[in-house]
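Here is what each chain is made of, one letter per residue.
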Amino acid sequence: MGIGELDREAHVAEGTGAVAPRTLAEALRARGDEGLAALLRARPDLLNPVPNDLTQLATRAGTRGSVVRALERLDRFALQTAEALAVAPDPAPYSVLLALLTGDEGDPVIGAALPGAVALLREQALVWGEDDRLRLVRTARELLSPSPQHPSPTGLGPTVAEATSGMSPGRVQEIIAAVGLAATHDPVSAVAALTGLFTDRARMSAFLDGAPPEALAVLDRLVWGPPYGEVTANPAPPVRWLRDRGLLLPVSARTMVLPREVALHLRGGRAHRMPEPVAPEVGVLRDHRPQVVDSAAAGQAYTALATVEELLKSWDEGGPQVLRAGGLSVRDLRRTAAALDVTEEVAAFWLELCHGAGLLASDGEADERYAPTPAYDDWLDLPPAERWARLVTPWLASTRTPGLVGGQDAKGRALSALGPDLDRAAAPEVRHRVLGLLATLPPGAAADPETLFARLRWERPLRGGGAPGPAAPGAEGTGSGPGLPDDLRSRLARWALAEAELLGLTGRGALSAPARALLNLPLAEAASPADEGGGVEESVAAERAATLLAPLLPEAVDHVLLQADLTAVAPGPLRRPLADALAVLADVESKGGATVYRFTPGSVRRALDSGLTASGLHDFLAAHSRTPVPQPLAYLVDDVARRHGHLRVGAASAYVRCDDDTVLGEILADRRSAVLGLRRLAPTVLAAQADPAALLDGLRAMGYAPAAESAEGDVLVTRADAYRTPARTAPVPVPDGPPAPDATLLGAAVKAIRAGDRAATAVRREPAAPAPAGSLPRTSSAETLATVQAAAMTGSAVWIGYVNADGAASQRVIAPVRVEGGFVTGYDHTADEMRTYPLHRITGVAELADDQV
């Protein structure tokens, strides 16, 4: 539907050619069901709870909170249209509004865009009335009109009538005389004459032709706002000239203001310096082949999976402690960043990503720590493409904002990773919109970030800076300069671009094919109609994205290349069992296209501690190496295995036992063992004051290879992946207002509002003693029974007053079908369903003048 069609539809819906609506409720009453549904869809806060009738809907649509939310969701031109109406007469003809936006010279682009903006404001019930009487709802006018406390985004000041409201009649007559107008008999006609001069283009131009150049320079500084200026007790001659002729009017003893009519004349009739009727285009920074983009994105997606695995594997035995106020300490964040070889900002992103996907949580113990969740083990069992989809899907919907980490909240407290106060409700909307704008470019095209941010600012000029008020976003020049404003929405957009690149949703700045599938967007080269996006469920979209990504990821290999320098080279990503086993047996030395592992005495001992044997290690290496097992590596395994378990450590507080008393003597003689508090209990047993863990670490630091043993004397097998938190659910996003209603809810709501409005506006027969306006009908029990019985026999509808068990009173229109046992059953037109009412709770009944239902 085009802009003109939308405008015509709005005119028809509001009764063009019929009686003009006098209130917003009447304008809504003239709409069709589609018009009401469009209003409720655009402003879902009006549905909580469902209004009883259209009068209540209109009242709720005019509340300050609801109007502010509606204004925040307007694009820049629709907002500029509302701002122009706020400084126009109330009501304003369409021609006056058009003149305020186009100026004296006119602008065909603005003229073509204005009907759509007016139709949008009408649809959202911010503007009502026909074209000859356009009215901005009162609350929106109060928010957007100029005042000393809340300057108008247009930069205009008060009208002449408003600025002279407290001025003495004599002073008004002095101004009239100074501008060459005839004296009047009262201040009202004098102000009207002065206003007529300032709004007459020809007379005003002739009058200003005689103004001193210095006075015109003063006006030039105030014309585009702010319109207020301070003056001294003895102002300069140019200011006195302007003051004496009413071109500057006093607000206080030291403040003057430029009247609105004068400013509009100097502006050529325009309310805005730079109207923006058309959304700025998103520019292309560079072009790539789509295959290159997809390959780069897939490579980054694989890196993201590897980073998440590395992070959570390092916390397999329990991660850092949780701060008392919640979150991760700065020191632990720095350690995590160093371990991942990334910046602290990027480390915070990976932590929040794992937390948002439900893979990382606190264990809830008294000494609370972070650790992987059981869902992490399930995630590891998935194919790589599905693991990627399990990460990016919650990221799109998450309100957690890791970019805020390191900043401060409103009370000056530091914001920590995984801590509270990181939720920002606008984050999901901004992420979806950033990726959606990237999707508007040709496949392989990377967007120019500055033009992308400019487009976002045009679409939601108020979202970054809050509600209308002092220096409200949307004022002239806000966000239009070459630099990017530091409002929250702009920062969210920058973070969304960087995070999308880290996750592999974009490659080289361009949107990848898997990302298009994830967003339910049509693919560049759809193989069949089933491949086209749009309308599919989130889980189906994630599956499509994973299917497109899978062929682009490197295939997992089941072998390594053992080197003579005690290293092993993995020529690609390793299959899960091999990767887990090798992570225990060797340490990662370098990562990249080919991961290099190094075997050390400590890593081999770690494998033996996990329950493996020397023969098992030899068999494992031989089975998974494409090269022969080097002799140095075989010697290393045998040497560590021969010494492993020769010493046994248990709890006394701790003890060491060994069949070779000579070894125990060497330990006692070593000065490094002094800190362990060792003493000989028997030829083959030493007791220690240190705990078993400290004793193990101390002996290993001295070059020994002790093994821990249980209370039964068996070797204690330790596994790195033993610790998991209890089952945890992923954090729930913080909603950005009420959710958008679906078609079923909209239909039911519109039907209920219509029914309630019919009941509230039904014409009733006048009773013998008229009741006060708005009160419930009052009749005796006998009269009530007789009336509803008669209505049941004739099939007519009646108006009743009803008080429920909670004491809440309401009025309803019902068509009784059965009256028995003290109850009346009938079709309730207000609720649009069959209902049964106790007769004793009906306050009274009245017949309708004629069938209104």
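Residues numbered from 1 in each chain as written. Predicted model: local features only at pLDDT ≥ 70, side-chain atom pairs only at ≥ 80, totals over all residues. Heavy atoms only, no water.

## Focus: the overall build of the protein
Point 1. Secondary structure assignment for the protein yields 34 helices and 25 strands.
Point 2. The buried share of the protein, taken over its 853 residues, is 47%.
Point 3. Within the protein, contacts between residues separated by at least 24 positions form 66% of all contacts whose residues are at least 6 apart in sequence.
Point 4. Accessible surface, the protein as shown: approximately 40000 Å² in total, 54% of it carbon and sulfur. (Helix = DSSP H or I, 4+ residues; strand = E, 2+ residues; numbered from the N terminus. Buried < 20%, exposed > 50% of the residue type's maximum accessible area, 1.4 Å probe, protein only. Contact = heavy atoms within 4.5 Å. Areas by Shrake-Rupley, 256 points an atom, 1.4 Å probe, with all protein chains shown as cover.)

## What about the sheet that holds strand S3 (residues 228-230)?
Point 1. Strand order in this open sheet of three strands is S3-S5-S4, and the pairing throughout is antiparallel. Each edge of the open sheet carries a strand with a single partner, namely S3 and strand S4 (249-250).
Point 2. Examined bridge by bridge, S4 and strand S5 (residues 255-257) share two bridges and lie antiparallel to one another. By the bridge assignment, Pro 250 is partnered in S5 with Met 256. (Pairing = 2+ DSSP bridges.)

## So, the pairing of strand S25 (residues 842-847)
Point 1. Judged by how many residues are buried, S25 sits mostly within the fold: five of six residues are covered.
Point 2. With five bridges joining them, strand S21 (residues 798-803) and S25 adopt antiparallel strand pairing. Residue pairing in the sheet places Ile 800 in a bridge with Val 845 of S25.

## Observations regarding the confidence of the model for the protein
Point 1. With 89% of its residues at a pLDDT of 70 or more, the protein has an overall mean of 85.
Point 2. Note on residues 465-484: pLDDT is under 50 here. Beyond four places in sequence and across chains, it has 39 contacts.
Point 3. Here residues 524-535 is modelled with pLDDT under 50, and outside its nearest four sequence neighbours on either side it reaches 13 contacts, counting other chains as well. (pLDDT = per-residue confidence, 0-100.)

## Things to note about the environment of Trp 315
Point 1. Considering the arrangement of structural elements, one finds Trp 315 in the loop between helix H17 (290-314) and helix H18 (330-340).
Point 2. The spatial distance from the C-alpha of Trp 315 to the C-alpha of Tyr 723 is 8.8 Å, given a sequence separation of 408 residues.
Point 3. Setting aside chain neighbours within four positions, we find Trp 315 in contact with Pro 320, Leu 328, Thr 336, Leu 351, Leu 360, Tyr 370, Ala 371 and Pro 372.

## Some details on the nonpolar core
Nonpolar side chains tend to gather and get buried jointly when the protein is soluble and globular.
Point 1. One finds Leu 28, Leu 40, Leu 57, Leu 71 and Leu 247 to be the most contacted residues of the largest nonpolar core, which totals 92 residues.
Point 2. Sorting elements by how many residues they give to this core places helix H6 (residues 76-86) first, with seven residues.
Point 3. What Leu 40 contacts, discounting residues up to four positions off in sequence, is Leu 46, Leu 47, Leu 57, Pro 741, Leu 746, Ala 749, Val 750 and Ile 753.
Point 4. Grouped together as the second largest cluster of nonpolar side chains are 72 residues, Tyr 370, Tyr 376, Trp 379 and Ala 417 included. (Core = buried A, V, L, I, M, F, W, Y, C linked by side-chain atoms within 4.5 Å.)

## Some remarks on the sheet that holds strand S23 (residues 823-828)
Point 1. Ordered by their spatial adjacency, five strands build an open sheet running S24-S23-S22-S21-S25, and the pairing between neighbours is antiparallel. Two strands in the sheet have a free side with no partner beyond their single neighbour: strand S24 (833-838) and S25. Direction aside, neighbouring strands of the sheet carry axes that sit 45° apart on average.
Point 2. Each of S21, strand S22 (809-820), S23 and S25 is contacted by helix H34 (residues 781-794), which is oriented at about 65° to S22, the strand it contacts most. (Axes fitted to C-alpha atoms, helices over the stretch in contact; angles between N-to-C directions.)

## Thoughts on the side chain of Arg 812
Point 1. In this fold, Arg 812 is placed in strand S22.
Point 2. At 3.4 Å, the side chain of Arg 812 and the side chain of Ser 810 are in polar contact.
Point 3. Residue contacts for Arg 812: discarding those within four places in its chain leaves Ala 759, Val 798, Trp 799, Ile 800, Asp 828, Thr 830, Ala 831, Arg 835 and Tyr 837. (Polar contact = N/O pair within 3.5 Å; in protein donor to acceptor, adjacent residues only side chain to side chain.)

## Some remarks on a negative patch on the surface
Point 1. Judged by side-chain charge, Asp 659, Asp 660, Asp 661 and Glu 666 come together as a negatively charged surface patch.
Point 2. The topology assignment puts Asp 661 in helix H31 (residues 661-669). (Patch = residues over 30% accessible without salt bridge, like charges linked within 9 Å, V, L, I, M, F, W, Y side chains within 5 Å. Salt bridge = Lys/Arg side-chain N within 4 Å of Asp/Glu carboxyl O. Lys, Arg positive; Asp, Glu negative; His and termini not counted. Charge placed at Lys NZ, Arg CZ, Asp CG, Glu CD.)

## Regarding the pattern of salt bridges
Point 1. This structure, assessed with the given rule, holds 36 salt bridges.
Point 2. Measuring nitrogen to oxygen at the nearest pair gives 2.9 Å for the salt bridge that ties Asp 409 to Arg 413.
Point 3. Looking at Asp 409, the relative accessible area reads 17%, which means it is buried.
Point 4. On the accessibility criterion, Arg 413 (47% relative accessible area) is partly exposed.
Point 5. Note that Asp 828 is salt-bridged to Arg 812, the shortest N-O span being 3.1 Å. With Asp 828 in strand S23 and Arg 812 in strand S22, this residue pair connects regions lying 16 residues apart in the sequence. We note that Asp 828, like Arg 812, is buried.
Point 6. In this structure, a network of salt bridges that share partners links the residues Asp 90, Arg 135 and Arg 141.

## Let's talk about the packing of H17 against helix H24 (residues 488-503)
Point 1. At a closest axis distance of 6 Å, the pairing of H17 and H24 adopts a crossing angle of 85°. For the element pair H17 / H24, the angle class is roughly perpendicular. Between H17 and H24, the residues in contact are Gln 300, Ala 301 and Ala 304 and Glu 501, Leu 502 and Leu 503, respectively.
Point 2. Grouping the constituent residues of the contact of H17 with H24 by class yields four nonpolar, one polar and one charged. (Parallel < 35°, antiparallel > 145°, perpendicular 65-115°, else oblique. Nonpolar A, V, L, I, M, F, W, Y, C, P; charged D, E, K, R; others polar.)

## Description of helix H14 (residues 213-222)
Point 1. Three or more residues of H14 are buried, namely Ala 215, Val 218, Leu 219 and Leu 222. Along the axis of H14, the buried residues cluster in a sector spanning 95°; they form a single face. Seen from the buried face of H14, the exposed residues on the opposite side, beyond 90 degrees, are Pro 213, Asp 220 and Arg 221. (Arc of directions from axis to C-beta.)

## Here's the deal with helix H33 (residues 743-761)
Point 1. A rise of 1.5 Å per residue sets the reference length of H33, with its 19 residues, at 27 Å; its end C-alpha atoms lie 27 Å apart and thus fit the reference within 8%.
Point 2. Elements in contact with the buried residues of H33: helix H2 (24-29), helix H3 (33-42), helix H4 (54-61) and S22. (Expected span 1.5 Å × (residues − 1).)

## Considering the packing of aromatic side chains
Point 1. Applying the stated rule across the entire model yields four aromatic pairs.
Point 2. Here Phe 207 and Trp 241 contribute two aromatic rings whose centre-to-centre distance is 6.1 Å and whose plane-to-plane angle is 20°, an arrangement assigned as stacked. In this pair, Phe 207 is assigned in helix H13 (residues 201-209) and Trp 241 in helix H15 (residues 237-244), connecting sequence segments 34 residues apart. We note that Phe 207, like Trp 241, is buried.
Point 3. Note on Tyr 802 and Tyr 837: the rings are 4.7 Å apart at their centroids and 65° apart in plane angle, and the pair reads as edge-to-face. Of the two residues, Tyr 802 is situated in strand S21 and Tyr 837 in strand S24; the sequence distance between them amounts to 35 residues.
Point 4. The buried category is assigned to Tyr 802, whose relative accessible area is 12%.
Point 5. Note that Arg 387 overlies the ring of Trp 379, its terminal NZ or CZ placed 5.3 Å from the centroid. (Phe/Tyr/Trp six-rings, centres within 6.5 Å; stacked < 30°, edge-to-face > 60°. Lys NZ or Arg CZ within 6 Å of the ring centre and 35° of its normal.)

## Brief notes about the packing of helix H27 (residues 576-585) against helix H29 (residues 614-623)
Point 1. It is at 12 Å that the axes of H27 and H29 come closest, and there the two elements cross at 130°. In terms of orientation, H27 and H29 fall into the oblique class. In the packing of H27 onto H29, the handedness of the crossing is left-handed. Between H27 and H29, the contacting residues are Leu 578, Ala 581, Leu 582 and Leu 585 on the first element and Leu 617, Phe 620 and Leu 621 on the second.
Point 2. Considered class by class, the residues forming the contact of H27 with H29 number seven nonpolar, no polar and no charged. (Left-handed = near helix turned anticlockwise from the far one by under 90°.)

## Brief notes about unusual backbone geometry
Point 1. Of note, the amide linkage connecting Asn 48 to Pro 49 takes the cis form, showing an omega dihedral of -5°.
Point 2. Mapped onto the elements, Pro 49 comes out in the loop between H3 and H4.
Point 3. Between Gly 225 and Pro 226 the backbone carries a cis peptide bond, its omega angle lying at -5°.
Point 4. Examined against the element boundaries, Pro 226 turns out to sit in the loop between H14 and S3.
Point 5. For Arg 508, which is not a glycine, the phi torsion comes out positive at approximately 55°.
Point 6. As for its placement among the helices and strands, Arg 508 is situated in the loop between strand S10 (506-507) and strand S11 (510-511).
Point 7. For Leu 566, which is not glycine, the phi torsion reads 65° and is therefore positive.
Point 8. Among the secondary structure elements, Leu 566 is positioned in the loop between strand S12 (561-562) and strand S13 (567-570).

## Remarks on the pairing of S24
Strand residues, when the strand is regular, have side chains that alternate between the two faces of the sheet.
Point 1. As paired elements, S23 and S24 share six bridges and run antiparallel to each other. Directly across from Val 824, in S24, lies its bridge partner Tyr 837.
Point 2. Hairpin connection of S23 to S24: four residues between the antiparallel strands, including Asp 832 at a positive phi of 60°.

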